[in-house]
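One-letter residues, chain by chain:
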Amino acid sequence: MIHTSYGHGLIMNTNEVKEPVLTAARNNMTACSVCHKVHPVAQKSCTRCSNSLRLRKSNSIQHSLALLFAALIMYIPANLYPIMTTNLLGVTSETTILGGIFLFIKHESYGIAIIIFLASVVIPLAKIGALFVLCFAALKRSKLSGLELIKLYRMVELVGKWSMVDVFVVAILVGLVQLGKITSIEPGTASIAFTSVVILTIVAAQRFDPRLMWDRLEE
Amino acid sequence: MTSTNHDGLSKDSLACVECDLLMTNTIKLEHGQRLACSRCGHILARGTKDADVTTLALSMTALILLVISVSSSFLAFEASGQSNSISLWTVAHELIQSKFGILAFFIFSFMVLLPALYVICLILITLNQRIKFTTFPSVILAHIINFINPWIMGDVFIVGVLVGLIKVIGKADVSFGISFWSYVIFTFVIIKITQVVDTHQLWAWVDNEHE
């Protein structure tokens, strides 16, 4: 970025003037979002994989934000409805995600409580929060540095699918414990809601174009 | 030194997918070397020796392991005189019985169907590299592989099983079947495959087929 403050009578110290970074966009080139091959911007479709070419992912921020809000909305039933129903000798008890965590703590299984808390509460909320930060960094120049932002982005991509742990726990317990009338476990509505949260956040992260953040930082 | 194609672009031009930095690469990657963006550190490509043969071998192994996982006993469960052994199909079946068929669909897709499709496409695309005729257009295979990559959740499933078992372990005797172990090994093989087959490698195969 090159600042020119001559209008205010200030003269920029030449040490503070940075060279504009050589980006593909500045050279009127862009990388295909699927196969990463570099093309001139004027080209409509990728010569290698026939994907339609755009300078940045189309409507990246709008799509990501829409999906994030949807994920937040789905997070509510995921916590209010039970994630599974246990039928023990005729006694039916419904467990929600948070309820399950408290039960584990009560039975002093602190290890599992921490794992479920991390996977089902911390990770989804942290991921949604991080993506909001990233989306805003793509809209307005962020106070964070490019490296910090991109590390946040990589964290989000890495951690995304691990929120599904709880759903798989329910699945395996349902499959395992079916001794008919004596003991049985059934899944609850929250498991579908939770799956949708995971899917929505994964797609939100996919739709997001991190290059937009660097564009804002360079302005 | 660098050749240009008809676009006027250097054939070795690379643009970082995360920060859009334009770079030129003339180095042929050695085994274990990684090509990283000089601004943001994003790893653009990994070098693997004989990537196509390695991937073919790993993918075939993965497919065999998956077939074993699906057709043998996953867990055996014994409590108060009642014993039960379940397979991965039982899990899907019970979910459908509980009127949660959609959950069964997603879970089965994430752990069996999508990884199977991923591995089959990899087998076909690496075969294309080695044999004279094309089994299936590599471009389409590469698109499928690229699309499925984020949705493979075998490792999450295993962790989920272990967590779920901790819950049951006090109340019953649980033992692991062949299916469980073959799925664990399958998960490790898939992790290795996803390391070798990065975007750069995948589309290099597509380029290769066209030449």
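Undergrad: Can you walk me through the pairing of strand β4 (residues 91-95) of chain A in this structure?
TA: Each regular strand carries side chains that alternate between the two faces of the sheet. Residue and element names in this part refer to chain A. Across 5 bridges, the pairing between strand β3 (residues 84-88) and β4 is antiparallel. Looking at the pairing, Thr85 lines up with Glu94 of β4. The hairpin formed by β3 and β4 contains 2 residues between the paired strands, and Leu89 there has a positive phi angle of roughly 50°.

Undergrad: Could you clarify how one ought to interpret unusual backbone geometry in this entry?
TA: A negative phi holds for most residues other than glycine; trans holds for most peptide bonds. All names here are of chain A. One non-glycine residue, His36, adopts positive backbone phi at about 65°. Secondary-structure assignment places His36 in the loop between β1 (29-31) and β2 (38-40). You will see that Glu108, though not glycine, has its phi angle at about 60°, which is positive. By the element assignment, Glu108 lies in the loop between α2 (97-106) and α3 (110-139). The class of Glu108 is exposed, set by a relative accessible area of 60%.

Undergrad: Looking at this model, I keep getting lost on the sheet that holds strand β5 (residues 183-187) of chain A. Mind explaining?
TA: Two strands in a sheet stick together by hydrogen bonds in their backbones, pointing the same way (parallel) or opposite ways (antiparallel). Residues and elements named next belong to chain A. The 3 strands are arranged β4-β3-β5 in an open sheet whose pairing can be described as antiparallel. On the outer flanks of this sheet lie β4 and β5, each paired with one strand and no other. Pairs of neighbouring strands in the sheet enclose a mean axial angle of 15°, with direction left out of account.

Undergrad: How do you make sense of α2(A) when you look at a structure like this?
TA: Since the α-helix turns once every 3.6 residues, residues separated by three or four places project in the same direction. Residues of α2(A) that are buried include every one of A:Ile97, A:Gly100, A:Ile101 and A:Phe104, and no others. Down the axis, α2(A) shows its buried residues gathered within 100° of arc, on one side only. Structural note: α2(A) exposes A:Phe102 and A:Lys106 on the side pointing more than 90 degrees away from its buried face. Next to the buried residues of α2(A) lie α1 (60-80), β4, α3, α5 (165-176) and α6 (189-207) of chain A together with α5 (154-168) of chain B.

Undergrad: Any chance you could explain the packing of helix α3 (residues 101-130) of chain B against helix α4 (residues 138-148) of chain B here in plain terms?
TA: For any two helices packed against each other, the geometry comes down to the angle between their axes and how far apart the axes lie. Residues and elements named next belong to chain B. Closest axis-to-axis distance for the α3/α4 pair is 9 Å, and the angle between their directions is 145°. Crossing of α3 against α4: the hand is left-handed. Within the contact between the two elements, α3 uses Leu114, Leu117, Tyr118, Cys121, Leu122, Leu124, Ile125 and Asn128 and α4 uses Ser138, Leu141, Ala142, Ile144, Ile145 and Ile148. The class makeup of the residues in the contact of α3 with α4 is 12 nonpolar, 2 polar and no charged.

Undergrad: Can you help me understand the nonpolar core in this one?
TA: Here is a general trend for soluble globular proteins: nonpolar side chains tend to be buried in one another's company. Counting 133 residues, the largest nonpolar core has A:Phe168, B:Tyr118, B:Phe157 and B:Trp203 as its most contacted members. Looking at this core, the element that brings in the most residues is α3(B), giving 14 residues. Filtering out sequence-adjacent residues up to four positions away, A:Phe168 remains in contact with B:Ile107, B:Phe110, B:Met111, B:Met153, B:Val156, B:Phe157 and B:Gly160.

Undergrad: Hey, could you run me through the packing of aromatic side chains in this one?
TA: Working definition: an aromatic ring pair is given by the centre-to-centre distance plus the angle between the planes. Scanning the model with the defined rule gives 15 aromatic pairs over all chains in all. Residues B:Phe176 and B:Phe180 carry aromatic rings whose centres are separated by 4.1 Å and whose planes lie at 20° to one another, so their mutual orientation is stacked. Through pairs of rings, three or more aromatic residues link up here, namely A:Phe168, B:Phe74, B:Phe157, B:Phe176, B:Phe180, B:Trp181, B:Tyr183 and B:Phe186.

Undergrad: Looking at this structure, I do not really get the confidence of the model for chain A. What am I missing?
TA: The predicted structure's coordinates, where accompanied by low pLDDT, should not be read in detail. Residues and elements named next belong to chain A. In this model, chain A carries an average pLDDT of 85, and 89% of its residues clear a pLDDT of 70 or more. Taken element by element, chain A is modelled with least confidence in β5, mean pLDDT 86, and with most confidence in α1, mean pLDDT 95. Counted against residues more than four places away or in other chains, residues 1-17, with its pLDDT under 50, gives 14 contacts.

Undergrad: Can you help me understand a nonpolar patch on the surface in this one?
TA: All names here are of chain A. A surface patch of nonpolar side chains, amounting to about 420 Å² of accessible area, comprises Leu98, Phe102, Ile105 and Tyr110. With 3 residues, α2 is the single largest residue contributor to the nonpolar patch. Relative to the elements of secondary structure, Leu98 occurs in helix α2.

Undergrad: Any chance you could explain the sheet that holds strand β5 (residues 75-79) of chain B here in plain terms?
TA: Taken in spatial order, the 3 strands make up an open sheet running β6-β5-β7 (chain B), and their pairing is antiparallel. What marks the edges here is a single partner per strand, and that holds for β6 (82-86) and β7 (173-176) of chain B. Between one strand axis and the next, the sheet turns through 15° on average, direction left out of account. Pairing between β5(B) and β7(B): 4 bridges, direction antiparallel. Across the sheet, B:Ala76 pairs through a bridge with B:Ser175, a residue of β7(B). Packed onto the sheet, α5(A) meets β5 and β6 of chain B and runs at close to 130° relative to β6(B).

Undergrad: How do you make sense of the interface of chain A and chain B when you look at a structure like this?
TA: Taken together, the 60 residues of chain A in the interface contact 58 residues of chain B. For the pair chain A and chain B, the summed buried area comes to about 5,400 Å², and 74% of that belongs to carbon and sulfur atoms. The tally of links from chain A across to chain B stands at 5 salt bridges. Two residues, B:Asp207 and A:Arg48, come together in a salt bridge whose shortest N-O distance is 2.5 Å. One can count 12 residue pairs in polar contact (both at pLDDT 80 or more) joining chain A with chain B. Of all the secondary structure elements, the ones that give two or more residues to the side of chain A that touches chain B are β1, β2, α3, α4 (146-159), α5, β5, α6 and α7 (211-218) of chain A. Of the residues that constitute the side of chain A that touches chain B, the class distribution is 40 nonpolar, 12 polar and 8 charged.

About the criteria used
- Residues numbered from 1 in each chain as written.
- Chains lettered and ligands numbered in written order.
- Predicted model: local features only at pLDDT ≥ 70, side-chain atom pairs only at ≥ 80, totals over all residues.
- Heavy atoms only, no water.
- Pairing = 2+ DSSP bridges.
- Helix = DSSP H or I, 4+ residues; strand = E, 2+ residues; numbered from the N terminus.
- Buried < 20%, exposed > 50% of the residue type's maximum accessible area, 1.4 Å probe, protein only.
- Axes fitted to C-alpha atoms, helices over the stretch in contact; angles between N-to-C directions.
- Arc of directions from axis to C-beta.
- Contact = heavy atoms within 4.5 Å.
- Left-handed = near helix turned anticlockwise from the far one by under 90°.
- Nonpolar A, V, L, I, M, F, W, Y, C, P; charged D, E, K, R; others polar.
- Core = buried A, V, L, I, M, F, W, Y, C linked by side-chain atoms within 4.5 Å.
- Phe/Tyr/Trp six-rings, centres within 6.5 Å; stacked < 30°, edge-to-face > 60°.
- pLDDT = per-residue confidence, 0-100.
- Patch = residues over 30% accessible without salt bridge, like charges linked within 9 Å, V, L, I, M, F, W, Y side chains within 5 Å.
- Areas by Shrake-Rupley, 256 points an atom, 1.4 Å probe, with all protein chains shown as cover.
- Salt bridge = Lys/Arg side-chain N within 4 Å of Asp/Glu carboxyl O.
- Buried area = accessible area lost by both parts, 1.4 Å probe.
- Polar contact = N/O pair within 3.5 Å; in protein donor to acceptor, adjacent residues only side chain to side chain.

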